[in-house]
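Close look at the chain arrangement
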Amino acid sequence: MGTLGMVGLGRMGGNMAERLRQAGHTVVGYDRSESSGRHVDSLATLVQALEAPRVVWVMVPAGEPTYDTIDALQELLSPGDVIVDGGNSRYTDDQRQAADLEPHGIGFVDCGVSGGVWGLTEGYALMCGGSKDDVALVQPFFDALKPAGDSGFVHAGGVGAGHFAKMVHNGIEYGLMQAYAEGWELMMATDVVSDVPAVISSWQQGTVIRSWLLDLMVNALSEDDDLSGLRGYAEDSGEGRWTVEAAVDHAVPLPVITAALFARFASRQDDPPAMKMIAALRNQFGGHAVTAKAGEVEKGADAPGADADAPSSEPGDVAQGLALGKPGTPPDA
(Lines give C-alpha, C1' and ligand atoms only; values in the text may rest on other atoms or scores of the structure.)
Protein backbone atom coordinates (compact mmCIF):
# COMPACT_ATOMS: atom_id res chain seq x y z
CA MET A 1 0.00 0.00 0.00
CA GLY A 2 1.08 3.56 -0.62
CA THR A 3 1.33 6.87 1.19
CA LEU A 4 -0.43 9.99 -0.05
CA GLY A 5 -0.41 13.58 1.12
CA MET A 6 -3.89 15.17 1.32
CA VAL A 7 -4.13 18.95 1.40
CA GLY A 8 -7.59 20.03 2.50
CA LEU A 9 -9.52 17.97 5.05
CA GLY A 10 -12.99 19.44 4.65
CA ARG A 11 -16.15 17.52 3.89
CA MET A 12 -14.78 15.98 0.69
CA GLY A 13 -11.08 15.78 1.47
CA GLY A 14 -11.61 14.40 4.96
CA ASN A 15 -13.94 11.64 3.74
CA MET A 16 -11.65 10.75 0.86
CA ALA A 17 -8.71 10.47 3.27
CA GLU A 18 -10.77 8.14 5.45
CA ARG A 19 -11.76 5.94 2.50
CA LEU A 20 -8.10 5.64 1.50
CA ARG A 21 -7.18 4.62 5.05
CA GLN A 22 -9.94 2.02 5.10
CA ALA A 23 -8.38 0.54 1.96
CA GLY A 24 -5.02 0.23 3.73
CA HIS A 25 -3.22 3.32 2.44
CA THR A 26 -1.43 5.82 4.67
CA VAL A 27 -2.65 9.39 4.41
CA VAL A 28 -0.73 12.36 5.76
CA GLY A 29 -3.24 15.17 6.02
CA TYR A 30 -2.77 18.92 6.15
CA ASP A 31 -5.34 21.65 6.56
CA ARG A 32 -5.04 25.26 7.72
CA SER A 33 -7.65 24.59 10.41
CA GLU A 34 -6.22 23.20 13.63
CA SER A 35 -9.53 21.43 14.33
CA SER A 36 -9.47 19.52 11.02
CA GLY A 37 -7.76 16.44 12.38
CA ARG A 38 -4.61 17.26 10.44
CA HIS A 39 -1.44 15.24 10.98
CA VAL A 40 1.04 18.01 10.13
CA ASP A 41 0.93 21.78 10.53
CA SER A 42 2.56 22.89 7.27
CA LEU A 43 2.99 21.90 3.65
CA ALA A 44 6.73 21.58 4.22
CA THR A 45 6.20 19.05 6.98
CA LEU A 46 3.74 17.14 4.81
CA VAL A 47 6.24 16.84 1.97
CA GLN A 48 8.96 15.72 4.39
CA ALA A 49 6.68 12.94 5.65
CA LEU A 50 6.31 11.40 2.17
CA GLU A 51 8.75 9.14 0.35
CA ALA A 52 9.68 9.86 -3.26
CA PRO A 53 8.11 9.69 -5.72
CA ARG A 54 5.47 11.64 -3.81
CA VAL A 55 1.78 12.04 -4.60
CA VAL A 56 0.11 15.09 -3.10
CA TRP A 57 -3.65 15.43 -3.58
CA VAL A 58 -4.94 19.02 -3.37
CA MET A 59 -8.58 19.22 -2.26
CA VAL A 60 -9.19 22.91 -1.63
CA PRO A 61 -11.58 25.44 -3.23
CA ALA A 62 -10.94 26.30 -6.86
CA GLY A 63 -9.28 29.56 -7.77
CA GLU A 64 -6.76 31.36 -5.60
CA PRO A 65 -6.65 28.71 -2.81
CA THR A 66 -5.69 26.07 -5.38
CA TYR A 67 -3.24 28.35 -7.20
CA ASP A 68 -1.50 29.32 -3.97
CA THR A 69 -1.29 25.72 -2.74
CA ILE A 70 0.19 24.39 -5.97
CA ASP A 71 2.65 27.30 -6.19
CA ALA A 72 3.83 26.51 -2.65
CA LEU A 73 4.15 22.79 -3.39
CA GLN A 74 6.18 23.56 -6.51
CA GLU A 75 8.90 24.97 -4.28
CA LEU A 76 8.85 21.91 -1.99
CA LEU A 77 8.50 18.89 -4.27
CA SER A 78 11.13 17.13 -6.36
CA PRO A 79 11.31 15.92 -9.96
CA GLY A 80 9.20 12.79 -10.39
CA ASP A 81 6.60 13.85 -7.80
CA VAL A 82 2.98 14.35 -8.86
CA ILE A 83 0.34 16.85 -7.78
CA VAL A 84 -3.31 15.90 -8.14
CA ASP A 85 -5.86 18.71 -8.29
CA GLY A 86 -9.07 17.03 -7.11
CA GLY A 87 -11.07 20.22 -6.66
CA ASN A 88 -13.47 21.82 -9.10
CA SER A 89 -10.90 23.78 -11.07
CA ARG A 90 -11.48 25.03 -14.59
CA TYR A 91 -9.81 22.85 -17.22
CA THR A 92 -7.93 25.82 -18.70
CA ASP A 93 -6.37 26.44 -15.27
CA ASP A 94 -5.13 22.83 -15.26
CA GLN A 95 -3.24 23.40 -18.48
CA ARG A 96 -1.55 26.48 -17.06
CA GLN A 97 -0.64 24.69 -13.82
CA ALA A 98 0.87 21.75 -15.69
CA ALA A 99 2.91 24.07 -17.89
CA ASP A 100 4.27 25.87 -14.82
CA LEU A 101 5.24 22.59 -13.12
CA GLU A 102 6.83 20.91 -16.15
CA PRO A 103 10.19 22.77 -15.99
CA HIS A 104 10.55 21.55 -12.41
CA GLY A 105 9.94 17.92 -13.41
CA ILE A 106 6.78 17.77 -11.31
CA GLY A 107 3.82 15.91 -12.81
CA PHE A 108 0.25 17.14 -12.74
CA VAL A 109 -3.04 15.22 -12.83
CA ASP A 110 -6.43 16.89 -12.79
CA CYS A 111 -9.25 14.83 -11.32
CA GLY A 112 -12.94 15.62 -11.31
CA VAL A 113 -14.56 13.97 -8.30
CA SER A 114 -18.27 13.17 -7.91
CA GLY A 115 -19.91 11.45 -4.98
CA GLY A 116 -20.55 14.13 -2.39
CA VAL A 117 -21.35 13.06 1.15
CA TRP A 118 -22.09 9.49 0.00
CA GLY A 119 -18.63 8.93 -1.44
CA LEU A 120 -17.11 7.62 1.78
CA THR A 121 -19.33 4.53 1.72
CA GLU A 122 -20.35 4.27 -1.95
CA GLY A 123 -17.12 5.38 -3.59
CA TYR A 124 -16.25 8.39 -5.73
CA ALA A 125 -16.63 8.68 -9.49
CA LEU A 126 -13.27 9.88 -10.77
CA MET A 127 -12.49 11.54 -14.11
CA CYS A 128 -8.78 12.28 -14.53
CA GLY A 129 -6.53 13.92 -17.05
CA GLY A 130 -2.76 13.77 -17.41
CA SER A 131 0.09 11.77 -18.86
CA LYS A 132 0.01 7.98 -18.76
CA ASP A 133 2.99 7.83 -16.39
CA ASP A 134 1.61 10.40 -13.95
CA VAL A 135 -1.79 8.71 -13.82
CA ALA A 136 -0.12 5.33 -13.25
CA LEU A 137 1.65 6.68 -10.16
CA VAL A 138 -1.69 7.79 -8.70
CA GLN A 139 -3.65 4.72 -9.87
CA PRO A 140 -3.51 2.75 -6.57
CA PHE A 141 -5.23 5.65 -4.84
CA PHE A 142 -7.78 6.01 -7.64
CA ASP A 143 -8.58 2.31 -7.28
CA ALA A 144 -9.24 2.73 -3.56
CA LEU A 145 -11.44 5.79 -3.99
CA LYS A 146 -13.63 4.59 -6.86
CA PRO A 147 -16.78 2.49 -6.36
CA ALA A 148 -16.55 -1.29 -6.53
CA GLY A 149 -16.87 -2.74 -10.01
CA ASP A 150 -15.59 -1.88 -13.45
CA SER A 151 -16.99 1.64 -13.78
CA GLY A 152 -16.52 4.82 -11.77
CA PHE A 153 -13.03 5.72 -13.06
CA VAL A 154 -11.80 7.05 -16.37
CA HIS A 155 -8.51 8.41 -17.68
CA ALA A 156 -10.27 10.90 -19.95
CA GLY A 157 -7.22 12.26 -21.77
CA GLY A 158 -4.42 14.75 -21.34
CA VAL A 159 -4.20 17.49 -18.74
CA GLY A 160 -7.55 19.27 -18.42
CA ALA A 161 -9.63 16.35 -19.69
CA GLY A 162 -10.64 15.23 -16.22
CA HIS A 163 -12.02 18.58 -15.14
CA PHE A 164 -13.61 19.13 -18.56
CA ALA A 165 -15.46 15.81 -18.19
CA LYS A 166 -16.52 16.74 -14.65
CA MET A 167 -17.69 20.14 -15.91
CA VAL A 168 -19.95 18.49 -18.48
CA HIS A 169 -21.12 16.00 -15.84
CA ASN A 170 -22.23 18.87 -13.63
CA GLY A 171 -23.95 20.61 -16.53
CA ILE A 172 -25.97 17.45 -17.17
CA GLU A 173 -26.74 17.34 -13.45
CA TYR A 174 -28.19 20.86 -13.70
CA GLY A 175 -30.53 19.78 -16.50
CA LEU A 176 -31.67 16.61 -14.75
CA MET A 177 -32.43 18.39 -11.49
CA GLN A 178 -34.31 21.15 -13.30
CA ALA A 179 -36.49 18.63 -15.17
CA TYR A 180 -37.35 16.75 -11.97
CA ALA A 181 -38.10 20.02 -10.17
CA GLU A 182 -40.37 21.30 -12.94
CA GLY A 183 -42.33 18.05 -13.08
CA TRP A 184 -42.80 18.12 -9.32
CA GLU A 185 -43.94 21.77 -9.40
CA LEU A 186 -46.50 21.09 -12.13
CA MET A 187 -48.08 18.23 -10.19
CA MET A 188 -48.13 20.33 -7.01
CA ALA A 189 -49.85 23.19 -8.87
CA THR A 190 -52.94 21.14 -9.79
CA ASP A 191 -55.57 19.15 -7.90
CA VAL A 192 -55.43 16.30 -10.41
CA VAL A 193 -52.78 14.36 -8.47
CA SER A 194 -53.68 13.89 -4.81
CA ASP A 195 -50.41 12.35 -3.61
CA VAL A 196 -47.46 13.83 -5.44
CA PRO A 197 -44.73 12.25 -3.23
CA ALA A 198 -46.25 8.81 -3.86
CA VAL A 199 -46.17 9.35 -7.61
CA ILE A 200 -42.53 10.36 -7.53
CA SER A 201 -41.68 7.41 -5.30
CA SER A 202 -43.41 5.07 -7.75
CA TRP A 203 -41.01 6.21 -10.48
CA GLN A 204 -38.08 4.59 -8.68
CA GLN A 205 -38.78 1.20 -10.23
CA GLY A 206 -39.46 0.26 -13.83
CA THR A 207 -39.45 3.76 -15.36
CA VAL A 208 -37.01 5.27 -17.84
CA ILE A 209 -36.43 8.28 -15.55
CA ARG A 210 -35.35 6.34 -12.46
CA SER A 211 -31.99 7.51 -11.11
CA TRP A 212 -30.03 8.25 -7.96
CA LEU A 213 -31.15 11.88 -8.17
CA LEU A 214 -34.74 10.66 -8.19
CA ASP A 215 -33.99 8.55 -5.10
CA LEU A 216 -32.65 11.66 -3.37
CA MET A 217 -35.78 13.54 -4.43
CA VAL A 218 -37.89 10.89 -2.70
CA ASN A 219 -35.70 11.24 0.41
CA ALA A 220 -36.22 15.01 0.44
CA LEU A 221 -40.00 14.71 0.11
CA SER A 222 -40.14 12.10 2.88
CA GLU A 223 -38.62 14.72 5.19
CA ASP A 224 -40.80 17.63 3.98
CA ASP A 225 -43.61 16.56 1.63
CA ASP A 226 -44.16 20.01 0.11
CA LEU A 227 -40.70 21.48 0.81
CA SER A 228 -42.36 24.30 2.75
CA GLY A 229 -39.37 24.39 5.07
CA LEU A 230 -37.06 25.45 2.26
CA ARG A 231 -36.60 28.67 0.34
CA GLY A 232 -36.56 28.40 -3.44
CA TYR A 233 -33.02 29.74 -3.76
CA ALA A 234 -30.28 27.81 -5.55
CA GLU A 235 -26.63 28.74 -5.98
CA ASP A 236 -24.68 27.66 -9.04
CA SER A 237 -21.20 26.23 -9.08
CA GLY A 238 -18.57 27.35 -11.54
CA GLU A 239 -18.95 24.21 -13.64
CA GLY A 240 -22.46 25.13 -14.81
CA ARG A 241 -21.30 28.48 -16.13
CA TRP A 242 -18.13 27.02 -17.62
CA THR A 243 -20.17 24.38 -19.46
CA VAL A 244 -22.29 27.05 -21.10
CA GLU A 245 -19.21 29.15 -21.91
CA ALA A 246 -17.50 26.13 -23.50
CA ALA A 247 -20.64 25.50 -25.55
CA VAL A 248 -20.46 29.07 -26.87
CA ASP A 249 -16.74 28.69 -27.62
CA HIS A 250 -17.38 25.54 -29.64
CA ALA A 251 -20.75 26.57 -31.13
CA VAL A 252 -22.55 23.63 -29.52
CA PRO A 253 -26.23 24.25 -28.64
CA LEU A 254 -27.02 23.42 -25.00
CA PRO A 255 -30.58 24.71 -24.50
CA VAL A 256 -31.48 22.48 -21.54
CA ILE A 257 -28.31 23.06 -19.51
CA THR A 258 -28.34 26.79 -20.28
CA ALA A 259 -31.99 27.14 -19.23
CA ALA A 260 -31.27 25.23 -16.02
CA LEU A 261 -28.40 27.59 -15.20
CA PHE A 262 -30.55 30.66 -15.86
CA ALA A 263 -33.33 29.20 -13.70
CA ARG A 264 -30.92 29.31 -10.77
CA PHE A 265 -30.25 32.97 -11.44
CA ALA A 266 -34.01 33.60 -11.41
CA SER A 267 -34.32 31.83 -8.05
CA ARG A 268 -32.33 34.62 -6.41
CA GLN A 269 -34.70 37.41 -7.43
CA ASP A 270 -37.66 38.22 -5.20
CA ASP A 271 -38.98 40.83 -7.65
CA PRO A 272 -37.23 40.31 -11.01
CA PRO A 273 -36.48 43.63 -12.73
CA ALA A 274 -36.93 42.13 -16.20
CA MET A 275 -40.43 40.96 -15.28
CA LYS A 276 -41.25 44.50 -14.13
CA MET A 277 -40.34 45.76 -17.59
CA ILE A 278 -42.33 43.01 -19.31
CA ALA A 279 -45.38 43.91 -17.17
CA ALA A 280 -44.95 47.59 -18.00
CA LEU A 281 -44.61 46.93 -21.73
CA ARG A 282 -47.67 44.63 -21.81
CA ASN A 283 -49.58 47.37 -20.04
CA GLN A 284 -48.40 49.94 -22.58
CA PHE A 285 -49.29 48.06 -25.74
CA GLY A 286 -52.35 46.15 -24.62
CA GLY A 287 -53.68 47.58 -21.39
CA HIS A 288 -52.90 44.34 -19.53
CA ALA A 289 -53.32 44.54 -15.77
CA VAL A 290 -50.29 45.23 -13.61
CA THR A 291 -49.53 44.81 -9.91
CA ALA A 292 -48.00 47.87 -8.34
CA LYS A 293 -46.25 46.24 -5.39
CA ALA A 294 -45.21 42.75 -4.43
CA GLY A 295 -47.69 41.29 -1.97
CA GLU A 296 -50.79 43.14 -3.16
CA VAL A 297 -53.81 41.08 -4.15
CA GLU A 298 -54.39 42.42 -7.67
CA LYS A 299 -53.79 39.98 -10.47
CA GLY A 300 -50.38 40.21 -12.08
CA ALA A 301 -49.82 40.95 -15.73
CA ASP A 302 -49.80 37.29 -16.74
CA ALA A 303 -52.20 35.81 -14.20
CA PRO A 304 -55.06 33.77 -15.74
CA GLY A 305 -58.02 36.09 -16.25
CA ALA A 306 -56.04 39.26 -15.58
CA ASP A 307 -56.78 40.69 -19.00
CA ALA A 308 -60.50 40.08 -18.60
CA ASP A 309 -60.53 42.04 -15.34
CA ALA A 310 -58.60 45.01 -16.70
CA PRO A 311 -60.52 48.28 -17.22
CA SER A 312 -61.59 49.01 -20.78
CA SER A 313 -59.01 50.87 -22.80
CA GLU A 314 -59.36 54.61 -23.07
CA PRO A 315 -56.91 57.16 -24.41
CA GLY A 316 -54.52 58.35 -21.77
CA ASP A 317 -50.94 59.17 -21.09
CA VAL A 318 -48.30 56.69 -20.01
CA ALA A 319 -48.54 57.43 -16.31
CA GLN A 320 -52.32 57.00 -16.30
CA GLY A 321 -52.06 53.77 -18.25
CA LEU A 322 -49.58 52.30 -15.77
CA ALA A 323 -51.78 53.20 -12.84
CA LEU A 324 -55.11 52.01 -14.23
CA GLY A 325 -54.11 49.13 -16.46
CA LYS A 326 -54.83 51.14 -19.62
CA PRO A 327 -52.58 51.50 -22.63
CA GLY A 328 -50.34 54.53 -22.80
CA THR A 329 -50.31 57.01 -25.66
CA PRO A 330 -48.88 55.25 -28.73
CA PRO A 331 -45.88 56.78 -30.47
CA ASP A 332 -46.43 59.08 -33.42
CA ALA A 333 -46.96 57.22 -36.66
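Refer to the preceding data block for the structure.
Now for a description of the structure that goes with this document. (Residues numbered from 1 in each chain as written. Predicted model: local features only at pLDDT ≥ 70, side-chain atom pairs only at ≥ 80, totals over all residues. Heavy atoms only, no water.)

Right, let's talk about the overall build of the chain for a bit. A tally of regular secondary structure across the chain gives 14 helices and seven strands. The buried share among the 333 residues of the chain stands at 38%. For the chain, the exposed surface amounts to about 18100 Å²; the carbon and sulfur share of it is 56%. (Helix = DSSP H or I, 4+ residues; strand = E, 2+ residues; numbered from the N terminus. Buried < 20%, exposed > 50% of the residue type's maximum accessible area, 1.4 Å probe, protein only. Areas by Shrake-Rupley, 256 points an atom, 1.4 Å probe, with all protein chains shown as cover.)

This part is about a negative patch on the surface. Among the surface-exposed residues, Glu64, Asp68, Asp71 and Glu75 lie close enough to one another that they form a single negatively charged patch. Taking the relative accessible area as the measure of exposure, aspartate 68 reaches 46% and is therefore partly exposed. (Patch = residues over 30% accessible without salt bridge, like charges linked within 9 Å, V, L, I, M, F, W, Y side chains within 5 Å. Salt bridge = Lys/Arg side-chain N within 4 Å of Asp/Glu carboxyl O. Lys, Arg positive; Asp, Glu negative; His and termini not counted. Charge placed at Lys NZ, Arg CZ, Asp CG, Glu CD.)

What follows concerns the packing of aromatic side chains. Per the stated rule, a full pass over the model turns up five aromatic pairs. Seen from their ring centres, tyrosine 91 and phenylalanine 164 are 4.8 Å apart, and the 85° between their planes marks the pair as edge-to-face. Here tyrosine 91 is found in helix H4 (residues 91–101), whereas its partner phenylalanine 164 is found in helix H7 (residues 161–188), with 73 residues between them in sequence. Between the aromatic rings of phenylalanine 142 and phenylalanine 153, the centroid separation amounts to 5.1 Å while the plane-to-plane angle is 35°, which identifies the pairing as tilted. Placement of phenylalanine 142 in helix H6 (residues 132–145) and of phenylalanine 153 in strand E7 (residues 153–157) is noted, with a sequence separation of eleven residues between them. A relative accessible area of 22% means that phenylalanine 153 is categorised as partly exposed. Taken together, Trp57, Phe142 and Phe153 form an aromatic cluster joined through their ring pairs. When the ring centre of tyrosine 67 is taken as reference, the NZ or CZ atom of arginine 96 above it lies at 4.8 Å. Over the ring of tyrosine 174 we find arginine 264, and its NZ or CZ is 3.7 Å from the ring centre. (Phe/Tyr/Trp six-rings, centres within 6.5 Å; stacked < 30°, edge-to-face > 60°. Lys NZ or Arg CZ within 6 Å of the ring centre and 35° of its normal.)

Another aspect to go through is the packing of H7 against helix H9 (residues 212–223). Here H7 crosses H9 at 45°, and the two axes come no closer than 11 Å. For the element pair H7 / H9, the angle class is oblique. In this structure, H7 crosses over H9, and the sense of that crossing is right-handed. Here H7 contributes Leu176, Met177, Tyr180 and Trp184 to the contact with H9, which in turn contributes Leu213, Leu214, Met217 and Leu221. (Axes fitted to C-alpha atoms, helices over the stretch in contact; angles between N-to-C directions. Parallel < 35°, antiparallel > 145°, perpendicular 65-115°, else oblique. Left-handed = near helix turned anticlockwise from the far one by under 90°. Contact = heavy atoms within 4.5 Å.)

A few words now on the pairing of strand E4 (residues 82–85). Side chains Val82 and Val84 of E4 all project onto a buried face; the interleaved residues Ile83 and Asp85 project onto the opposite face, where all are buried too. Here strand E3 (residues 55–58) runs beside E4; their pairing, made up of four bridges, is parallel. Within E4, the residue paired with valine 56 across the bridge is isoleucine 83. Regarding topology, H4 serves as the crossover connection from E4 to the parallel strand E5 (residues 107–114), and that connection is right-handed. (Pairing = 2+ DSSP bridges. Right-handed = clockwise from strand over helix to strand, strands pointing away.)

Side chains Val55 and Trp57 of E3 all project onto a buried face; the interleaved residues Val56 and Val58 project onto the opposite face, where all are buried too. With three bridges connecting them, strand E1 (residues 3–7) and E3 associate as parallel partners. Bridge assignment links methionine 6 to a residue of E3, and that residue is tryptophan 57.

All right, on to the sheet that holds E1 then. Within the open sheet, the seven strands sit side by side as E2-E1-E3-E4-E5-E6-E7. Their pairing is mixed. The open sheet terminates on both sides in strands that have one partner only, identified here as strand E2 (26–30) and E7. Each strand of the sheet is rotated relative to its neighbour by a mean of 25°, with strand direction disregarded. Strand contacts of helix H1 (residues 11–22): E1, E2, E3 and E5, with the helix running at about 170° to E1, the strand carrying the most contacts. Relative to E3, helix H3 (residues 64–74) is tilted by about 165°, and along the sheet it contacts E1, E3, E4 and E5.

Okay, the nonpolar core next. Membership of the largest hydrophobic core comes to 24 residues, with the highest contact counts inside it found for Met6, Trp57, Val138 and Phe142. Of all the elements in the fold, those that place two or more residues in this core are E1, H1, E3, E4, E5, strand E6 (125–129) and H6. Looking at which element gives the most residues to this core, the answer is H6, with six residues. Here phenylalanine 142 is in contact with Trp57, Val109, Cys111, Leu126, Cys128, Val135 and Phe153, once residues within four sequence places are set aside. (Core = buried A, V, L, I, M, F, W, Y, C linked by side-chain atoms within 4.5 Å.)

Attention now moves to unusual backbone geometry. Glycine aside, residues mostly have negative phi angles, and peptide bonds mostly take the trans form. Omega for the bond connecting alanine 52 with proline 53 falls within 30 degrees of zero, at -5°, which places this linkage in the cis form. Residue position: proline 53 is located in the loop between helix H2 (43–48) and E3. Phi angles above zero are rare outside glycine, and leucine 227 is one such case at about 60°. Turning to its location among the elements, leucine 227 is positioned in the loop between H9 and helix H10 (238–249). According to the relative accessible area criterion, leucine 227 is partly exposed, its value standing at 24%. Despite not being glycine, alanine 251 shows a phi value in the positive range, around 55°. Relative to the elements of secondary structure, alanine 251 occurs in the loop between H10 and helix H11 (255–266).

Moving on, we get to H4. Where H4 is concerned, the buried positions are Tyr91, Asp93, Asp94, Gln97, Ala98 and Leu101. In a view along the axis of H4, the buried residues occupy a sector of 145°, so they form one face of it. Those residues of H4 that are buried are in contact with H3, E4, E5 and H7. (Arc of directions from axis to C-beta.)

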